[in-house]
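Architecture and fold: a report
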Amino acid sequence: MNEQQFISSDFSILSQPLSVGWQSPSNIALIKYWGKTGIQIPKNASLSFTLSQCATDTSIVFSPLSKPTRSVDFVLIFDKKKNTDFRPKMIDFFERISDYCPYLRHYHLEICSSNSFPHSSGIASSASAMSALALCIMELEQHQQPAMSELYFKQKASFLARLGSGSACRSIEGPLVGWGTHPRITNSSDLYGVVHSDSVHPIFASYRDTVLLVDRGQKEVSSTLGHNLMNGHPFSEQRFLQAQDNLAELVTALAEGDVNTFVRIVELEALTLHAMMMTSDPSFVLMKPNTLHIIQAVRVYRKETGIPLCFTLDAGANVHLLYPNENAEKVMDWIENEWASYCQNHQYIHDRVGNGAKKM
Ligand code: PMV
């Protein structure tokens, strides 16, 4: 697939309003995407677990207009209230996808959205929000072109989501999604995410992710700024090569059920992401003291119990704890007894690997 194939040129505008809805999950990268070129083309391939509890619900009513507008005509209701804060980001998104979805200018869009996880929790919501939005748009496109294949539907949904927020392209399906060209991910592409379809050991199919909300504040550095800091970064070229190698090694570990290699690579990826930010100019330290406390305790806990608990981080202070389902009871007790007090307002979210977005 190339970009041209996602241009919708043959469509017929519906005569009646259409109401659609999708619930789309967040995802957590095991191999991190950090650094891009052009419009969200990744500098290295990434691989993520799709989550299930942390999700965005979006519904859209598309009402046909008598004549097309110059830009997409929409209103956004977020958490039951009319929202203007996200409007600039949405305007940019609609502008970016306008060549691929020219039919959107023939409708008024009433978009209602809400997140299942606490608002301003510090959990990145752009992946779930942008993928839910892209899926709603694709459902309209499918009504206009009923012969569309399921493969095209998913690929274009991921392609559109990527134009909103790179990592969002990994939220359409699950449980493991790769994005970015890589020899170890079958049919991989820089344009959209694909399900990692090679054999994966059953231990990883039911993995748990508990997100410890260490800091609920606003993101200190936007992802756009963060990605840009990789341009001209003294270590970036080496980092992009390292990510490709780490992904290859992780794919083997996933197939073999090698949890020790999984732990090593996943933690290395998280710390490298932060190391890149700490060594950029300007530099950013996005961990908080409690992030480090938790990281150190995870390593001690692993040594003492033999349970392959590991951590990963996004571009912020919150910690994702990853562990096999069979260890869930013990790890959850430990979290509740030891770590709840380190989280802001005692907040953490128990999540698990999921299979992707659902139609509502
Ligand atoms: O999708 P963006 O542009 O917000 O970038 C997200 C990057 C990380 O979350 C830090 C890593 C990743 O691969 O998800």
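If you're wondering where the values come from, they're calculated on a predicted model, not measured in any experiment. (Residues numbered from 1 in each chain as written. Predicted model: local features only at pLDDT ≥ 70, side-chain atom pairs only at ≥ 80, totals over all residues. Heavy atoms only, no water.)

**Some remarks on the overall build of the chain**
A count of helices and strands for the chain gives eight helices and 14 strands. For 360 residues, the compact-globule formula gives about 21 Å, and the C-alpha radius of gyration of the chain, at 20 Å, lands near that figure. Taking the principal axes of its C-alpha atoms as reference, the chain extends roughly 70 × 45 × 40 Å. Expressed as a percentage of the 360 residues in the chain, the buried residues total 53%. At a minimum sequence separation of 6, the contacts of the chain that also span at least 24 residues come to 76%. (Helix = DSSP H or I, 4+ residues; strand = E, 2+ residues; numbered from the N terminus. Rg over C-alpha atoms; globule rule 2.2 N^0.38 Å. Buried < 20%, exposed > 50% of the residue type's maximum accessible area, 1.4 Å probe, protein only. Contact = heavy atoms within 4.5 Å.)

**Overview of the nonpolar core**
In this structure, Phe94, Leu104, Leu109, Ile137 and Phe262 are the most contacted members of the largest nonpolar core, which totals 69 residues. When residues of this core are assigned to their parent elements, the largest contribution, nine residues, is made by helix 2 (residues 126–144). In this view, Leu104 contacts Phe62, Val72, Phe94, Ile97, Leu109, Ile137 and Leu140; residues no more than four positions away in its chain are not counted. (Core = buried A, V, L, I, M, F, W, Y, C linked by side-chain atoms within 4.5 Å.)

**Looking at the pairing of strand 11 (residues 310–313)**
Judged by which residues are buried, strand 11 turns out to be covered on both faces: Cys310 and Thr312 on one side and Phe311 and Leu313 on the other are all buried. Taking the residues between adjacent antiparallel strands as the criterion, strand 11 and strand 12 (residues 319–323) are bridged by five residues. (Pairing = 2+ DSSP bridges.)

**Here's the deal with the environment of Tyr103**
One can find Tyr103 in the loop between helix 1 (87–97) and strand 7 (107–115). Accessibility expressed as a relative area gives 0% for Tyr103, which makes it buried. Along the primary structure Tyr103 and Gln144 are separated by 41 residues, whereas in three dimensions their C-alpha atoms are 9.3 Å apart. At a separation of 2.5 Å, a polar atom in the side chain of Tyr103 contacts the side chain of Glu141. (Polar contact = N/O pair within 3.5 Å; in protein donor to acceptor, adjacent residues only side chain to side chain.)

**Quick word on the state of the cysteines**
Scanning the entire structure with this criterion turns up zero disulfides. With no disulfide partner, Cys112 has as its closest neighbouring cysteine sulfur the one in Cys136, 10 Å distant. Of the residues examined, Cys112 reaches a relative accessible area of 27% and is grouped as partly exposed. Its relative accessible area of 0% is what places Cys136 among the buried residues. (Disulfide = S-S within 2.5 Å.)

**Considerations on the packing of helix 1 against helix 3 (residues 150–164)**
Viewed as axis vectors pointing N to C, helix 1 and helix 3 meet at an angle of 135°, and their least axial separation amounts to 9 Å. Between helix 1 and helix 3, the angle falls in the class oblique. Seen along the crossing, helix 1 lies across helix 3 with a hand that is right-handed. Between helix 1 and helix 3, the contacting residues are Lys89, Phe93, Arg96 and Ile97 on the first element and Leu160, Leu163 and Gly164 on the second. (Axes fitted to C-alpha atoms, helices over the stretch in contact; angles between N-to-C directions. Parallel < 35°, antiparallel > 145°, perpendicular 65-115°, else oblique. Left-handed = near helix turned anticlockwise from the far one by under 90°.)

**A few points about the site of the ligand**
Close to the ligand lie 13 residues, the nearest being Tyr33, Ser167, Arg170, Ser223 and His227. Within the backbone of Gly166, a nitrogen or oxygen atom sits 3.5 Å from an oxygen atom of the ligand. Alone, the ligand offers 380 Å² of accessible surface; in the complex the protein occludes 92% of this. Looking at the shell around the ligand residue by residue, the class counts come to five nonpolar, five polar and three charged. Counting only domains with at least three residues in the shell around the ligand, you end up with domain 1 (3–198) and domain 2 (206–352). (Near = heavy atom within 4 Å. Areas by Shrake-Rupley, 256 points an atom, 1.4 Å probe, with all protein chains shown as cover. Nonpolar A, V, L, I, M, F, W, Y, C, P; charged D, E, K, R; others polar. Domains from an automatic or database assignment.)

**Observations concerning the environment of Ile172**
As for its placement among the helices and strands, Ile172 is situated in the loop between helix 3 and strand 8 (176–179). Take Ile172: its relative accessible area is 8%, and that puts it in the buried class. Once the C-alpha coordinates of Ile172 and Asn27 are considered, the two residues, 145 residues apart in sequence, prove to be 9.6 Å apart. Setting aside residues up to four positions removed in sequence, Ile172 forms contacts with Ser131, Leu135, Lys154, Ala157, Ser158, Gly356 and Ala357.

**Regarding the domain arrangement of the chain**
With domains assigned, the chain is organised as domain 1 (3–198) and domain 2 (206–352). The centre of domain 1, based on its C-alpha atoms, is set 25 Å off from the matching centre of domain 2. On the side of domain 2, 43 residues touch domain 1, which itself brings 33 residues to the contact. Taking both partners together, domain 1 and domain 2 bury about 3,300 Å²; carbon and sulfur atoms supply 66% of that area. Contact with domain 2 buries surface across domain 1, with Ile31, Lys32 and Trp34 losing the most and accounting together for 25% of the total. Our enumeration of links across domain 1 and domain 2 arrives at zero salt bridges. Joining domain 1 to domain 2, the criterion identifies 14 residue pairs in polar contact (both at pLDDT 80 or more). (Buried area = accessible area lost by both parts, 1.4 Å probe. Salt bridge = Lys/Arg side-chain N within 4 Å of Asp/Glu carboxyl O.)

**Details of the packing of aromatic side chains**
Summed over all chains, the structure comprises 18 aromatic pairs. Measuring from ring centre to ring centre gives 6.1 Å for Phe49 and Phe262, while their planes differ by 40°; the resulting arrangement is tilted. Here Phe49 is found in strand 4 (residues 46–64), whereas its partner Phe262 is found in helix 6 (residues 259–278), with 213 residues between them in sequence. No difference in accessibility class separates Phe49 from Phe262, as the two residues are buried. Look at Trp334 and Trp339: their rings are 5.8 Å apart centre to centre, the planes differ by 70°, and that puts the pair in the edge-to-face class. Feature note: the residues Phe6, Tyr100, Tyr152, Phe159 and Tyr192 constitute an aromatic cluster, connected by ring pairs. (Phe/Tyr/Trp six-rings, centres within 6.5 Å; stacked < 30°, edge-to-face > 60°.)

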